[in-house]
Structure formats: C-alpha cells, structure tokens
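Descriptive analysis of the structure
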Amino acid sequence: MTSTRRIPLNIFGMGFGVAGLATAWRIAVDQHLAPHEVSDVLIGLAAVAWLFSVLLYLRYVLTTRGALTSDLHDMTVGPFASLALITPILLAADGIAPYCRSVAAVIIDVFVVGVVLLGGWFTGTWMRGGTDLDRLHPGYFLPTVAGGLVASAGAAEVGQQRLAQFMLGLGIFCWIIVGSMILGRLIFRPPLPDALAPTMAIEVAPAAVASLAYFFAYGLRITPFVTALAGYGLLMVVAQIPLLSRYMRLNFSLATWAFTFSWAAVASTVLFWIAAEHVTGSRPLAYLVLAAISVLVGAIAVRTVVAISDGRLLPQMASAIPPAPAIDSTEPR
C-alpha cells in the first residue's frame, strides 16, 4: 500500500518556525512587553503544527514501503529529519518550563539524547564518504548545529548549566566545521536549485541561536564572545540582501518555511540586545521587531493554509519513492 502524496521531511519546518516566533514573544513577555497569553497561544499552535507533521509523516512511512530509509539516506532531504526532534525542545522550554520546570527538563533531556544520537548518525554516515558536494546546502546545519545550539538554550532554561555548556560546544564547533564547507559549496559550486534556495536564509541563524543559548545560560550580559557572534551574524544578515532578488522569484512551497525560524532567531537576539544596551526608544523598537517577524511568519502560515486548501502543498507520487534531488517537487503558484 502506498500514499498518494509524498510527505517531504521539511514539513517539520512548520512547527519549528512557529516555535521560533513563540520564543521571540516569550522573550517579550520576560521583558514585560507583552502578556504571556500571546506566547502561550503561539506555543500551542507550534505544538499542533509539530504533532500534525509527525502524524502525517508517520502515516506516510507506515503506508509507503522504504520511505523512511530512503528519506534518511537521501543526501538532500535527510538532514531535515532532525527538526522532528529539535522542535519539542523549544516547545518544552518556552511552553512548559514557565509552569513546570521539572516536566520540561525531562522532555528536553529525552529529545537532547535523540538530537545527539541522530546528529552522530548523520555525521558518521557522511564521514563514510561519497557525498556529492553539490548536494550540500545550509540544511546541513540542522542535525548538529541547530540541534546543539537549541538544546543548549533549552537546557539552560531549565537550569541544567552543564548540559547547556556541553551542547553549546557541540553546536559551535559543528558550526565552524560544517559552516565552512557549506559556504565553500555556495560560493564555488553552481547555484542551489529553487527548491533549496530558501535554505540560504539559514545562514543567519547559527550566530543568533548561539547568542540566545549564551543569554539563557549566563543572563543578559554583552561579553566579548557575544559581541563577536553579533559581528558574524550581522555579516550573514547583510549577505542576504543580494539574495533578495532570487528569493522574490521563487514559487511558494514548504521550503519557504526555512525563512521563519532563521529570522525569528535573529529577532529574538535583537530583542536581547535592545534590552541589554538600553537603547533609546527601546520599547517601540522592540515592538517593531516583533511586528516584523510576526508578519513574516504569519504571511507564510497563511500561504500554507491556502496551499493546503487548494491541495497543492504536498507533491504527488506514484507507487515508489522518487530519487528527489529537490525537497519539494510541487510548488504552488
């Protein structure tokens, strides 16, 4: 028995993106800029999106022979599987920890173990060789860099300082190694196909998420380390400007969700910096940041709902798993 629709692994980007927006609003709540109900509602929506994605993907792999193995070993789509494990860390840290830290800590610990195991499996698989450099893309940040840095922030939020330091080291060193390979591929090899082009937005995320992990672990202190992270982060934000013309030509697809968490992490970091530096007019500036990221994520969410209602979000498949070099072969117009 086979499914009539292929469920691409980047479907987990929906819950991840909404959870990133919830984090920004949770920071706003902690800074007395918004009521906690706003972040709570967003966490609820992120949890629904994550659960919907998990159930949909489970149904797909249980009814399509070889789907899971094919996806995990696919050098293009495989890394996106890690989002299924990373998102619950955000959900627990932002949605459960404020009300029951002990329960949140258990959930975070369970999924941190999963992140480390899956990241190690991907790393070992890649180390066997034979990986096509042209299939490398910024989504390769997800299993180890995003996994490590988000896990660090989550562990810090529930008071597990040693685990937070451990995962921060994992994320940062993987960022240095994997990031250099990805940037080399983007610069010296042919342009990414359209279905992967939105992943270039992920380049703005590592410095921002590393900053968030540090702030959650050590408090609102601008240290030389945080300042250095901001310097590289600013470079990657400015580097997005020449890419805007290409982004504007892309058709909408699930891959568009790559913009959401990446920019939500930047927005969250900016909120911390505004508060730490006591910027003049900090309150309206913070609301401007929140409005911008909320409009971005909200617009992508609305486009997703429209695409679902039109039946154009998920690609059709015949009776077997196609060897897809792209993440999503059907892009709604």
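The rules behind these values
- Positions within a chain are numbered from 1, following the residues in the order the chain's sequence is written.
- Reporting of local features is limited, given that this is a predicted model, to residues whose pLDDT is at least 70; pairs of side-chain atoms are given and counted only at 80 or more, and all residues count toward the totals for whole chains, interfaces and linings.
- No hydrogens and no water enter the side-chain calculation; it runs on all heavy atoms of the structure.
- The helix and strand labels rest on DSSP assignments: H or I over at least four residues marks a helix, E over at least two residues marks a strand, and numbering proceeds from the N terminus.
- What a helix is expected to span follows from its residue count: subtract one and scale by 1.5 Å.
- Accessibility here uses a 1.4 Å probe with only protein chains present; expressed as a share of the type maximum, an area under 20% marks a residue as buried, one over 50% as exposed, and anything in between as partly exposed.
- Take a side-chain nitrogen of Lys or Arg and a carboxyl oxygen of Asp or Glu: if they are within 4 Å of each other, that pair is a salt bridge.
- Polar contacts, as counted here, are pairs of nitrogen or oxygen atoms within 3.5 Å of one another; within protein the pair requires one atom able to donate a hydrogen and one able to accept it, and residues that are adjacent in sequence qualify only if both atoms are side-chain atoms.
- Residue contacts are counted whenever heavy atoms from the two residues lie within 4.5 Å of one another.
- Classification of ring pairs uses Phe, Tyr and Trp, with its six-membered ring standing for Trp, and accepts pairs whose centres are within 6.5 Å; under 30 degrees between planes counts as stacked, over 60 as edge-to-face, and the remaining range as tilted.
- A residue's pLDDT is simply how confident the predictor is in it, with values from 0 to 100.
- Geometry is summarised by axes, namely lines fitted to C-alpha atoms with helices restricted to the contacting stretch, and by angles between N-to-C directions that run from 0 to 180 degrees.
- Throughout this description, any angle smaller than 35 degrees is read as roughly parallel, any larger than 145 degrees as roughly antiparallel, any in the 65 to 115 degree range as roughly perpendicular, and the remainder as oblique.
- It is the rotation of the near helix from the far one that decides the hand of a crossing: anticlockwise by less than a right angle makes it left-handed, clockwise makes it right-handed.
- Throughout this entry, Asp, Glu, Lys and Arg are counted as charged residues, while Ala, Val, Leu, Ile, Met, Phe, Trp, Tyr, Cys and Pro are counted as nonpolar. The remaining residues, Gly among them, count as polar.

1. Quick notes on helix α1 (residues 13-30)
The terminal C-alpha atoms of α1, which comprises 18 residues, lie 26 Å apart, in line with the 26 Å expected from a rise of 1.5 Å per residue. Along α1, 17 of the 18 residues are buried, which leaves the element largely enclosed by surrounding structure. One or two residues past the end of α1 sits His32, with phi positive at roughly 60°.

2. Section: the pattern of salt bridges
Summed over the entire model, instances satisfying the criterion amount to 7 salt bridges. We note a salt bridge from Asp74 to Arg135, for which the minimum N-O separation is 3.2 Å. One end of the pair, Asp74, is in the loop between α3 (67-73) and α4 (83-96); the other, Arg135, is in the loop between α5 (101-127) and α6 (142-157), and 61 residues separate them in sequence. Given a relative accessible area of 27%, Arg135 falls into the partly exposed group. One salt bridge connects Arg312 with Asp310, and the closest N-O pair in it is separated by 3.1 Å. Overall, Arg312 belongs to the partly exposed group, its relative accessible area being 31%. Through salt bridges that share partners, Arg26, Asp30, Asp94 and Glu157 make up one connected network.

3. Points about the side chain of Asp94
Mapped onto the elements, Asp94 comes out in helix α4. According to the relative accessible area criterion, Asp94 is buried, its value standing at 2%. In terms of polar contacts, Asp94 uses its side chain to reach the side chain of Arg26, at 3.4 Å. Discounting residues that sit within four places of it in the chain, Asp94 has contacts with Ala19, Thr23, Arg26, Ile43 and Glu157.

4. Focus on the packing of aromatic side chains
Each aromatic ring pair is described using two quantities: the centre-to-centre distance and the angle formed by the ring planes. Summed over all chains, the structure comprises 12 aromatic pairs. Ring plane angle 70° and centroid distance 5.1 Å describe the contact between Trp121 and Phe122, whose orientation is recorded as edge-to-face. Exposure remark for Phe122: the relative accessible area of 2% places this residue in the buried category. By way of ring pairs, the aromatic residues Trp121, Phe122, Trp126 and Tyr140 are connected into one cluster.

5. Some points on the confidence of the model for the protein chain
Considering every residue of the protein chain, the mean pLDDT works out to 92; 93% of them sit at 70 or more. When the criterion is pLDDT under 50, residues 318-333 qualifies, and its contacts beyond four places in sequence or with other chains add up to 51 contacts.

6. Considering the packing of helix α9 (residues 224-239) against helix α11 (residues 258-276)
The N-to-C vectors of α9 and α11 enclose an angle of 135°; their axes lie 12 Å apart at closest approach. For the element pair α9 / α11, the angle class is oblique. Two packed elements cross with a definite hand, and for α9 against α11 that hand is left-handed. Residues Val226, Thr227, Ala230 and Val237 of α9 pack against Trp263, Val266 and Trp273 of α11. Split by residue class, the contact of α9 with α11 holds 6 nonpolar, 1 polar and no charged.

7. Comments concerning unusual backbone geometry
The phi torsion of most residues other than glycine is negative, and most of the peptide bonds are trans. A positive phi is found at His32, a non-glycine position, where the angle reads about 60°. Note on placement: His32 falls in the loop between α1 and α2 (36-63). Judged by relative accessible area, His32 falls into the exposed class, the value being 66%.

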